Amino acid sequence: MNFTNWLYLGTGIGLGIGLCKLFLQTPKTVSSPIKTVPIQEETGILEELNQTTLAYEMAREMSQFQAGFLARTSHELRSPLNGLIGLHQLILNDLCENPAEEREFVSQAYDRSLKLLKMIDEILSVARTEHGKNKLELQPIQLNDVFQEVHKLTYMLAANRNYPFHVSFPEPEIYVLADLRWLRQILVNLIDTAILKMEEGSIYLAANIASMEHKSNFVQICLDVPSDAVISSEAVDLVASKEVTNQEDPELSSGMKLLLNQKLLAVMGGKLEVISSPITHEVTQDWTRLQISIPLAIPEV
């Protein structure tokens, strides 16, 4: 190897060592002030995150509820339709023994058609209200007056069946924001359905003020009935009832009525929950609570 090659080799090794030192040298850190997030700002971010999560869960639950509601509606209407089809098949197949029996079948089909039309009208009425076609008259209502009217409309049915009906009337200064006609109908419907389904026991109706989520004040209307008078003890999945509509006397089942009442209360800003065994009024009785949450109102002066 001549002198020139040794020179090139030495120059290359020197450049390589210099470049290695240049890249491996730790850069001087530039000190910068650390930005600290205030505690209040951090709390606000967490609250917004919780509200977003809650809104997502509510939207998902409502989506499942709507799908279940459509399935339940189809089931409710299909049962009486099958009864009508059966009566018409008997007539069309000339299975009637005489003209009198054929006329009787026609009369039964006509009566069932009217009851089916009534069922459809009830469902459509709730649907129109939900979509804003039937306007609600939301206004401050004295809850004591509502309880008085509901008691007058339902106590006789309970008395005829020898079921004790206990009502704890709220204070006169308690007002709720609701539609008087719909709220009264919902309470009467729940009480009548429970009385018709229960076999024994008592009924308790009361109300109290409770602070709900996001510091919004609500009034809780509690209807405690025997567990056998409620179609389901689950608070969320109220659609999974196995109750079948009576073919002989088609009408909305108690499960469907419960769903319609739930939708009406949602339109009014409230909700309906089914709570299993919330309180023990009697040692020998299993209780289920139908709990209505309705916004608290301030009466206009």
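Bear in mind that the values here come from a model prediction, so they are computed numbers and not experimental data.

Here is what the cut-offs are and how they apply
Residues numbered from 1 in each chain as written. Predicted model: local features only at pLDDT ≥ 70, side-chain atom pairs only at ≥ 80, totals over all residues. Heavy atoms only, no water. Helix = DSSP H or I, 4+ residues; strand = E, 2+ residues; numbered from the N terminus. Buried < 20%, exposed > 50% of the residue type's maximum accessible area, 1.4 Å probe, protein only. Contact = heavy atoms within 4.5 Å. Areas by Shrake-Rupley, 256 points an atom, 1.4 Å probe, with all protein chains shown as cover. Axes fitted to C-alpha atoms, helices over the stretch in contact; angles between N-to-C directions. Parallel < 35°, antiparallel > 145°, perpendicular 65-115°, else oblique. Left-handed = near helix turned anticlockwise from the far one by under 90°. Nonpolar A, V, L, I, M, F, W, Y, C, P; charged D, E, K, R; others polar. Expected span 1.5 Å × (residues − 1). Phe/Tyr/Trp six-rings, centres within 6.5 Å; stacked < 30°, edge-to-face > 60°. Lys NZ or Arg CZ within 6 Å of the ring centre and 35° of its normal. 1 Å grid on protein atoms, 1.4 Å probe; cavity = no way out; pocket = protein on both sides within 12 Å on 5 of 7 lines; lining within 4 Å. Points joined across faces, edges and corners; volume = space filled by probe spheres on them. Core = buried A, V, L, I, M, F, W, Y, C linked by side-chain atoms within 4.5 Å.

Asker: Lay out the overall build of the chain in plain terms, naming residues and giving numbers.
Answerer: What the chain contains, in helices and strands, is 6 helices and 7 strands. Counting from the amino terminus, helix and strand elements in the chain follow one another as α-α-α-β-α-β-β-α-β-β-α-β-β. When the 301 residues of the chain are sorted by exposure, 33% land in the buried category. Of all intrachain contacts in the chain linking residues separated by at least 6 positions in sequence, the fraction that spans at least 24 positions is 73%. Summed over all atoms, the accessible surface of the chain reaches about 19400 Å², with 57% contributed by carbon and sulfur.

Asker: Report on the packing of helix α5 (residues 180–197) against helix α6 (residues 254–267), specifying residues and quantitative values.
Answerer: Where α5 contacts α6, the axes come no closer than 10 Å and their chain directions differ by 160 degrees. On the basis of the axis angle, α5 is roughly antiparallel to α6. Considering the relative orientation of α5 and α6, their crossing is left-handed. Across from Trp 182, Ile 186, Asn 189, Leu 190, Thr 193 and Lys 197 in α5, the residues of α6 making contact are Ser 254, Lys 257, Leu 258, Asn 261, Leu 264 and Leu 265. Residue classes in the contact of α5 with α6 are distributed as 6 nonpolar, 4 polar and 2 charged.

Asker: Got a sec to walk through α6? Specific residues and values, please.
Answerer: Over its 14 residues, α6 runs 20 Å from end to end, which matches the ideal 20 Å to within 8%, given 1.5 Å per residue. Within α6, 11 of the 14 residues are buried, leaving the element largely enclosed by the surrounding structure. All of the buried residues along α6 are Ser 254, Gly 255, Met 256, Leu 258, Leu 259, Leu 260, Asn 261, Gln 262, Lys 263, Leu 264 and Leu 265.

Asker: Which residues make up the packing of helix α4 (residues 143–160) against α5, and what values go with them?
Answerer: Close contact between α4 and α5 brings their axes to 10 Å; oriented N to C, the two are set at 25 degrees. On the basis of their axis angle, the class for α4 and α5 is roughly parallel. You can see that α4 and α5 cross each other, and the crossing is right-handed. Where α4 abuts α5, its residues Val 146, Glu 149, Val 150, Leu 153, Thr 154, Leu 157 and Ala 158 lie against Leu 180, Leu 183, Arg 184, Leu 187, Val 188, Ile 191, Asp 192, Ile 195 and Leu 196. In terms of residue class, the contact of α4 with α5 is made up of 12 nonpolar, 1 polar and 3 charged.

Asker: Can you lay out the environment of Gln 108 for me, pointing to particular residues and giving the numbers?
Answerer: Relative to the elements of secondary structure, Gln 108 occurs in helix α3 (residues 99–130). By relative accessible area, Gln 108 is classed as partly exposed at 28%. Spatially, the C-alpha atom of Gln 108 lies 7.9 Å from that of Leu 87, the residues being 21 residues apart in sequence.

Asker: Kindly report on the packing of aromatic side chains, identifying the contributing residues and their values.
Answerer: What characterises a pair of aromatic rings is the spacing of the ring centres plus the angle enclosed by the ring planes. For the structure on display, the rule yields 1 aromatic pair. A centroid spacing of 5.4 Å and a plane angle of 75 degrees characterise the contact between Tyr 204 and Trp 287, whose relative ring orientation is edge-to-face. Of the two residues, Tyr 204 is situated in strand β4 (residues 203–211) and Trp 287 in strand β7 (residues 287–297); the sequence distance between them amounts to 83 residues. Given a relative accessible area of 1%, Trp 287 falls into the buried group. Its end group placed over the ring of Trp 182, Arg 181 keeps NZ or CZ at 4.5 Å from the ring centre.

Asker: I'd like a description of empty space enclosed by the protein, backed by residues and values.
Answerer: For the structure shown, the criterion picks out 1 cavity of 30 Å³ or more. Of the pockets and cavities examined, the largest cavity occupies roughly 110 Å³. Lining the largest cavity are 12 residues, and of these Leu 190, Thr 193, Ala 229, Leu 258 and Leu 290 sit closest to its centre. Of all the secondary-structure elements, those providing two or more residues to the lining of the largest cavity are α5 and α6. Counting residues per element, the lining of the largest cavity draws most heavily on α5, which supplies 4 residues.

Asker: With reference to specific residues and values, describe the nonpolar core.
Answerer: One finds Leu 143, Val 176, Leu 190, Leu 205, Leu 223 and Ile 292 to be the most contacted residues of the largest nonpolar core, which totals 53 residues. Top contributing element to this core by residue count: α5, with 9 residues. Beyond its immediate stretch of four places on either side in the chain, Val 176 contacts Gln 139, Pro 140, Ile 141, Leu 143, Leu 183, Val 219, Ile 294, Pro 295 and Ala 297.

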